[in-house]
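Descriptive structure summary
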Amino acid sequence: AQSVAQPEDQVNVAEGNPLTVKCTYSVSGNPYLFWYVQYPNRGLQFLLKYITGDNLVKGSYGFEAEFNKSQTSFHLKKPSALVSDSALYFCAVRDPDTGRRALTFGSGTRLQVQP
Amino acid sequence: DVKVTQSSRYLVKRTGEKVFLECVQDMDHENMFWYRQDPGLGLRLIYFSYDVKMKEKGDIPEGYSVSREKKERFSLILESASTNQTSMYLCASSYPRAGTDTQYFGPGTRLTVL
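Here is a short report on the structure shown in this document. Keep in mind that this is a model prediction, so the values were computed, not measured. (Residues numbered from 1 in each chain as written. Chains lettered and ligands numbered in written order. Predicted model: local features only at pLDDT ≥ 70, side-chain atom pairs only at ≥ 80, totals over all residues. Heavy atoms only, no water.)

1. Comments concerning the interface of chain A and chain B
Where the parts come together, the accessible area they lose is often given as the size of the interface. Stated formally: Here, two residues are considered to be in contact whenever any of their heavy atoms come within 4.5 Å of each other. What gets called buried area is simply the loss in accessible area from a 1.4 Å probe that two parts show on being joined, summed for both. Salt bridges are defined as contacts in which a side-chain nitrogen from Lys or Arg sits within 4 Å of a carboxyl oxygen from Asp or Glu. Pairs of N or O atoms within 3.5 Å make up the polar contacts considered here, provided that, within protein, one atom can donate a hydrogen while the other can accept it, and that residues adjacent in sequence are counted only when both atoms are side-chain atoms. Runs of E in the DSSP output that reach at least two residues are strands. Runs of H or I that reach at least four are helices, and both are numbered from the N terminus. Note on residue classes: Ala, Val, Leu, Ile, Met, Phe, Trp, Tyr, Cys and Pro are nonpolar, Asp, Glu, Lys and Arg are charged, and everything else, Gly too, is polar.
The partner chain B presents 23 residues to the 21 residues of chain A that form the contact. Counting the surface chain A buries against chain B, the share from its top three residues, N41, R101 and F105 of chain A, is 30%. On the surface where chain A and chain B come into contact, there are zero salt bridges. Run the count over chain A and chain B and you get three residue pairs in polar contact (both at pLDDT 80 or more). Every element with two or more residues in the side of chain A that touches chain B is listed here: β5 (32–38), β6 (44–50) and β10 (87–94) of chain A. If one sorts the elements of the side of chain A that touches chain B by residue count, β5 of chain A sits on top with four residues. Considering only residue class, the side of chain A that touches chain B consists of eleven nonpolar, five polar and five charged.

2. Notes on the environment of V24 of chain B
Convention followed: Residue exposure (1.4 Å probe, protein chains only): buried if accessible area is under 20% of the type maximum, exposed if over 50%, otherwise partly exposed.
Following the sequence through the fold, V24 of chain B ends up in strand β3 (residues 19–25). The exposure class of V24 of chain B is partly exposed, given its relative accessible area of 24%.

3. A short note on empty space enclosed by the protein
Heads up, the rule is: Think of a 1 Å grid over just the protein atoms. A cavity is a set of points where a 1.4 Å probe fits yet cannot get out, a pocket is an open set with protein on both sides within 12 Å along at least five of seven lines, and lining residues have an atom within 4 Å of a point. Grid points are joined across faces, edges and corners, and a volume is the space filled by probe spheres set on the points.
Across all of its chains, the model carries one cavity of 30 Å³ or more by this definition. Looking at the largest cavity, the residues that line it are N41 of chain A together with R9, Y10, M88, G108 and R110 of chain B. For the lining of the largest cavity, the per-class residue count stands at two nonpolar, two polar and two charged.

4. As for the pairing of strand β5 (residues 42–51) of chain B
The side chains of a regular strand alternate, residue by residue, between the two faces of the sheet. All names here are of chain B. Our working rule: The rule for pairing is simple: two strands pair if DSSP sees at least two bridges between them.
Burial runs high along β5: seven of the ten residues are buried. Both strand β4 (residues 31–38) and β5 contribute to a ladder of seven bridges, which runs antiparallel. Across the sheet, Y35 pairs through a bridge with L45, a residue of β5. If you look at the hairpin formed by β4 and β5, you'll find three residues sitting between the two strands, and G40 has a positive phi there, around 80 degrees. Here three bridges tie β5 to strand β6 (residues 54–57), and the two strands are oriented antiparallel to one another. Within the sheet, the bridge partner assigned to F48 lies in β6 and is E56.

Laid out in structure tokens, this is it:
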């Protein structure tokens, strides 16, 4: 079975400070990992993904994420937060070895960036 | 750019009504998905289709059915709507080649069942 956990319901950070949104996963094989963002009353937008290769993945809007196999984590980071980054963030995983073709999503983390 | 559209942004229905939610994608993607989104629960997969007329149950298929008669269109059907089906419904599509699992989402339909 594949699963993903986002341990924080909400993260608060001041504008200009670095931000981290945490994600841990559980799969039996090598994971495909994704981050999506949802702005109010909108669908999910793709931010970045890890399939293979370099553990540090860069994505849209200045976000990056680091794949850590030993800690089974895929935390989302940004060096300097903007107020416009305030949104709901979802981590997702797929284990390609299981035959399951769909992603499993975490419960989401609301990021609040204060001016 | 991939475009996934959903037939309604907001829908209000009564208990027992039959409800159709439509999703259309314009990128010739084989895979299409229906999720529901509820606060604190994230997205949960209802049904998945990997080709025309092909479907697989997701994690919470009870009370729902789907139809995929054309590659670009995937419909979610609530045979007899109930109040516990009040939710945000999200459709997504993807191209099933290795390394391209990225799913593209529609804007969502917020369904209220009274």
